[in-house]
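A look at the structure
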Amino acid sequence: MKSFGSYLVSFLLCMHIQALYSQQELVGEDQGESIFLHTVERGQTVYSISLMYGVDEADIYRLNPLSREVIKAGETLKIPQKDFAEKRVNDDEMYLYHTIETGETLYGVSRRYGLSAEDLSDANRGLTPLTFSAGKTIRIPSMKIHSLPVTQTKVVIKEMKYKIKRKETMYSICRRFNLTGEELVARNPALKSGLKAGMELIIPVKTEEVVTEVPEQREINLEELVGYRQKIEQTNSARIALLLPFHKFDAKTPLDTRVIEFYEGFLMAVDSIRNRGMSVELYVNNIGDDMVTTNKALENIEIERADLIIGGMTDEQIERIADYAEKHEIKYIVPFSSRCERLTMENPFVFQVNTLLQNLYSYLTPRIRALFPQHRIILINTNDSDRKTQFANVLKADLNDNGIHFEEIAFHEKTFKTDISGLLSNTAPNLVIPLSGSLDALLKIKGTLRSIIETKPKYAITLFGHPEWQAYTKDCLDDFYALDARFYTTSYMNAMTPEANGFTDKYKALYFKPLPPASPRYAALGFDMGFYFLTAVRTYGRAFDNYMQLHKCNSIQSGFRFERVNNWGGFLNTNLYIVHFNKEDHTIRREE
């Protein structure tokens, strides 16, 4: 049978959640439905926003019909508050979400929801004076029972006056008011000289009252609250736990080979940073491809002491390691998977290195505008199955929002030269963008475009493409140079640079084998990742996550530009390169 205390806690929780709903309804309602407002940031999709708040994409589309086509940074979306009515009392993942209003303070929000400022900060580890601003969203931990007003029954002693009647004695008075002689004399010292009729006594009366105590709160400065998280403590040592699925060290499968190459490159980074005077303790664990081996590896006490955990391959492994990292407050770098978006949205210790391109289009389109401010833009629909629909939608929306005119044509083999010639400008440079990354799409248009610039020099044409073009460079190099081509990509190793040549030579000397030509090169990924995070620890200490926007590092192949996805989640790598085949000097440049 449940104790009275358990029933009381349940009752208080229900009352608290009801109060939260009442308060949150002040944000807005949509046909009677409690909602809050989310301001879209660059890189966010409807899918990532649904993961962030634990709601269905369909609900977002229902409340925001135009979001089915495209969402844009700065746009405001209506998000339904989740229904907690059927949640269990001991559910520790119950949150409401609050859109910060103009002029609000952390103290004001904490008072509004009956929480301490520390509770809000703990639930939003990314919260800083910069991110606590109007339009941003913060997470409200609705299950903080210890922060609720405490209601309990207490014995309260009150005083009353009583005049002694004739024939009354100390015994009769004490019996009448349920007191001891000592208690009565303590309140009435005159009784030590004797009891007389007509004397006025003070009688302590015990009564039971229901008392509600509200936890004391003080106004708190956000900078003061998070200052301990932002303190730079440079260090000359680091402990790294590397959790990789080594099956057999002489494995022949592509997956095993790539993991070994990554490990080899990472060791080169450790060696490089040690040569610069930093001490690195490296704990290497084989986690196989199963959870038994992974769990056994996590029992190693050395991992609990690590500054960084890097690794994991399967979804199950990554989720388990992420939980471990959050419990022990260790930064966790996911090196390979691009499918851990849900974890990144809710775990503040996760760094997702491999980001889906669809999440980066909103970072790309402003760069296209900046690179080609005077160009006449022509989009070509090549009518093949590899159409980049989301890229096209984001690009067109961005151009429209900025008042930039563009043309879009469909490819027809017989009329393409006439069609494109009719759109090209002979007084301004032209930017031609096929809406597909396939080799077939490239082959359809490049010959015609090159023919135009060779026969009609007055036309200036730049061809802009997609990451798949990296694989076509060898066969299309002359065309790329002739068309001053560019393409975007998340990683690129330019074999012509001294840094790349030096890395390739050192790899061959260390491991007695050439660097594999396939892209991306996993050895280069291991080196870049190791060097980037080790220098971050060295420069900013264990709390380097507060300084990711400041941390820059030259790389061989893979770039890193981490941004926190929200006030309570982890980090997403938003780096994009523009690779330029320079027409003037026939060089290849990787532009950040």
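In what follows, the structure referred to is the one given above.
In this report, the structure presented in the accompanying data block is examined. Everything numeric in this text was worked out from a predicted model, so none of it was measured.

In this section: helix H4 (residues 106–113). The periodicity of an α-helix, 3.6 residues per turn, causes residues three or four places apart in sequence to face the same way. The complete set of buried residues in H4 reads Leu 106, Val 109, Ser 110, Arg 112 and Tyr 113. Relative to the axis of H4, the buried residues are bounded by an arc of 160 degrees and lie together on one face. In the stretch just after H4, Gly 114 is the one whose phi turns positive, near 70 degrees.

Moving on to the environment of Tyr 522. Mapping Tyr 522 onto the fold places it in helix H20 (residues 522–540). In this structure the C-alpha to C-alpha distance between Tyr 522 and Arg 258, which are 264 residues apart in sequence, comes to 5.9 Å. Setting aside chain neighbours within four positions, we find Tyr 522 in contact with Arg 258, Glu 261, Phe 262 and Phe 336.

Between helix H17 (residues 439–455) and helix H18 (residues 473–482), the shortest axis-to-axis distance is 10 Å and the interhelical angle comes to 45 degrees. Here H17 is positioned oblique relative to H18, judged by the angle of their axes. The handedness of the crossing between H17 and H18 is left-handed. Counted together, Leu 442, Lys 446, Arg 450 and Ile 453 of H17 and Cys 476, Asp 478, Asp 479, Phe 480 and Ala 482 of H18 form the full contact between these two elements. For the contact of H17 with H18, the class distribution of residues is five nonpolar, no polar and four charged.

As a further point, take unusual backbone geometry. For residues besides glycine, phi is generally negative; the peptide bonds are generally trans as well. Residues Ser 519 and Pro 520 are joined by a peptide bond in cis, for which omega reads 0 degrees. When you line up the elements, Pro 520 lands in the loop between helix H19 (498–511) and H20. For Asn 383, which is not a glycine, the phi torsion comes out positive at approximately 60 degrees. Considering the arrangement of structural elements, one finds Asn 383 in the loop between strand E13 (376–381) and helix H15 (389–401). Its relative accessible area of 47% is what places Asn 383 among the partly exposed residues. Despite not being glycine, His 586 shows a phi value in the positive range, around 55 degrees. In this structure, His 586 sits in the loop between strand E20 (577–581) and strand E21 (588–591).

Moving on: the sheet that holds strand E9 (residues 279–286). In space, the seven strands of this open sheet follow the order E9-E8-E10-E11-E12-E19-E18, with mixed pairing throughout. Each edge of the sheet is formed by a strand with only one pairing partner; in this case those strands are E9 and strand E18 (562–564). Sheet twist, expressed as the mean angle between neighbouring strand axes with direction ignored, is 20 degrees. Sheet topology note: the strand E8 (residues 237–244)/strand E10 (residues 308–311) ladder contains four bridges and is parallel. Considered in E10, the bridge of Ile 240 is made with Leu 308. Against the sheet, H20 contacts E8, E9, E10, strand E11 (331–334), strand E12 (350–352) and E18, and its axis sits at roughly 145 degrees relative to E8.

Reading the values: the criteria
- Residues numbered from 1 in each chain as written.
- Predicted model: local features only at pLDDT ≥ 70, side-chain atom pairs only at ≥ 80, totals over all residues.
- Heavy atoms only, no water.
- Buried < 20%, exposed > 50% of the residue type's maximum accessible area, 1.4 Å probe, protein only.
- Helix = DSSP H or I, 4+ residues; strand = E, 2+ residues; numbered from the N terminus.
- Arc of directions from axis to C-beta.
- Contact = heavy atoms within 4.5 Å.
- Axes fitted to C-alpha atoms, helices over the stretch in contact; angles between N-to-C directions.
- Parallel < 35°, antiparallel > 145°, perpendicular 65-115°, else oblique.
- Left-handed = near helix turned anticlockwise from the far one by under 90°.
- Nonpolar A, V, L, I, M, F, W, Y, C, P; charged D, E, K, R; others polar.
- Pairing = 2+ DSSP bridges.

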